[in-house]
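Report on the structure
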Amino acid sequence: MAGGSDTTEKLAALGVLVSGVAHELNNPLSNISTSAQLLQEGEGDAEMQQTWLAQIDSESERARRIVRRLLDSVRQPRLHKQQHRVADLIQSSLTLVERQLPPQVKVCVDAANELFIEADRERLHQVLINLVKNAADAGATRVEIHAAVSDFPSIEESGRLHGDTAVLADVSRILQLRIEDNGPGIPEAYLDRIFDPFFTTRQTGDGTGLGLYLVEEIVSEHDGAISVYPRPGGGTVFTIWLPVKEQA
């Protein structure tokens with residue numbers, strides 16, 4: 001019976017995945033098809049035809065981007081864990097994303113130099129970049145990143161954690177990474193779905209709905225957990241808990 005239940009759950013998950021892919025790819029493919037038909041019919045002047053060609057190119061890239069994000073979400077890459085200084089990880093992540101941020105967005109970091117963690121550098125870069133960029137895309141003008149050793153979350157907080165907390169419950173030191181912004185925040189009704197694949201609060205075409213799903217997957221790969229809360233006074237707080245090993 002257990003095997004049958006597992007198979008049913010996998011088929012259901014596959015159905016959700018296929019449905020999400022079809023929905024996400026349908027929009028760029030429809031735009032490509034429309035532009036191609038107009039070109040075939042010889043509609044419009046030379047300038048308009050160039051516009052349609054540019055749309056075909058941009059929508060093709062959008063479809064490729066969706067596929068790449070999908071592949072990233074289903075691959076199980078081998079983690080290359082090494083010991084890293086947390087402050088350096090955060091700073092190198094910001095160096096990679098800063099050119100993608102509007103000039104009015106300020107990012108402030110509070111992380112002690114003596115904090116170290118064993119992690120896959122590239123994967124954690126992806127987590128921090130996605131969270132900072134999401135905040136900026138939502139309209140935040142200030143993002144704060146705090147890193148400190150913390151106790152395991154309380155029972156109230158644990159009820160809202162995403163990820164496997166078994167490892168966290170057995171380690172003596174836990175790194176808490178808190179990323180908070182002053183943006184418009186996430187509606188309460190969306191908080192339980194925010195890490196679902198293909199779920200997005202953006203307008204059609206602005207996102208694939210895989211960014212936060214990948215964040216949760218990477219945190220889980222590191223035996224950690226993540227939660228999201230409305231920020232008092234407006235904005236959003238993402239909190240990540242990761243096990244800390246003693247510095248070698």
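Here the structure is a predicted model, which means the values were calculated and not measured. (Residues numbered from 1 in each chain as written. Predicted model: local features only at pLDDT ≥ 70, side-chain atom pairs only at ≥ 80, totals over all residues. Heavy atoms only, no water.)

1. Points about the overall build of the protein chain
Of the regular secondary structure elements, the protein chain holds seven helices and eight strands. In the protein chain, buried positions account for 40% of the 248 residues. Within the protein chain, contacts between residues at least 6 apart in sequence are counted, and of these 79% link residues at least 24 apart. Here the protein chain displays about 14000 Å² of accessible surface, and carbon together with sulfur accounts for 50% of that area. (Helix = DSSP H or I, 4+ residues; strand = E, 2+ residues; numbered from the N terminus. Buried < 20%, exposed > 50% of the residue type's maximum accessible area, 1.4 Å probe, protein only. Contact = heavy atoms within 4.5 Å. Areas by Shrake-Rupley, 256 points an atom, 1.4 Å probe, with all protein chains shown as cover.)

2. Things to note about unusual backbone geometry
Unlike most non-glycine residues, D223 shows phi in positive territory, near 60 degrees. Position of D223 among the secondary structure elements: in the loop between α7 (211-221) and β7 (225-230). D223 gets classed as partly exposed once you look at its relative accessible area, which sits at 31%.

3. Describing the packing of helix α3 (residues 86-97) against helix α4 (residues 121-138)
Between two packed helices, what matters for the description is the angle formed by their axes and the separation of those axes. It is at 9 Å that the axes of α3 and α4 come closest, and there the two elements cross at 60 degrees. What the angle tells us is that α3 and α4 run oblique. Considering how the two elements wind past one another, α3 and α4 form a crossing that is right-handed. Of α4, the residues touching α3 (which contributes L89, I90, S92, S93, L94, L96 and V97) are R121, L124, H125, L128, I129, V132 and K133. Residues belonging to the contact of α3 with α4 are distributed by class as follows: nine nonpolar, three polar and two charged. (Axes fitted to C-alpha atoms, helices over the stretch in contact; angles between N-to-C directions. Parallel < 35°, antiparallel > 145°, perpendicular 65-115°, else oblique. Left-handed = near helix turned anticlockwise from the far one by under 90°. Nonpolar A, V, L, I, M, F, W, Y, C, P; charged D, E, K, R; others polar.)

4. Some words on α7
Of all eleven residues making up α7, nine are buried, and the element is well covered by its neighbours. Residues of α7 that are buried: G211, L212, Y213, L214, V215, E216, I218, V219 and E221.

5. Some words on the pattern of salt bridges
Taken as a whole, this structure holds six salt bridges when the rule is applied. E221 is the salt-bridge partner of R123, the closest N and O atoms lying 2.9 Å from each other. With R123 in helix α4 and E221 in helix α7, the pair connects residues that are 98 residues apart, well separated along the chain. E221 matches R123 in its accessibility class, with the two residues each being buried. For D137, the salt bridge identified is with K133, shortest N-O distance 3.3 Å. Within this pair, D137 and its partner K133 are both found in helix α4, separated by four residues, close to a single helical turn. Looking at D137, the relative accessible area reads 41%, which means it is partly exposed. Look at the salt bridges and you will find they share partners, linking R178, E180 and R231 into a network. (Salt bridge = Lys/Arg side-chain N within 4 Å of Asp/Glu carboxyl O.)

Bear in mind that shape data such as this cannot, by itself, settle questions of function.
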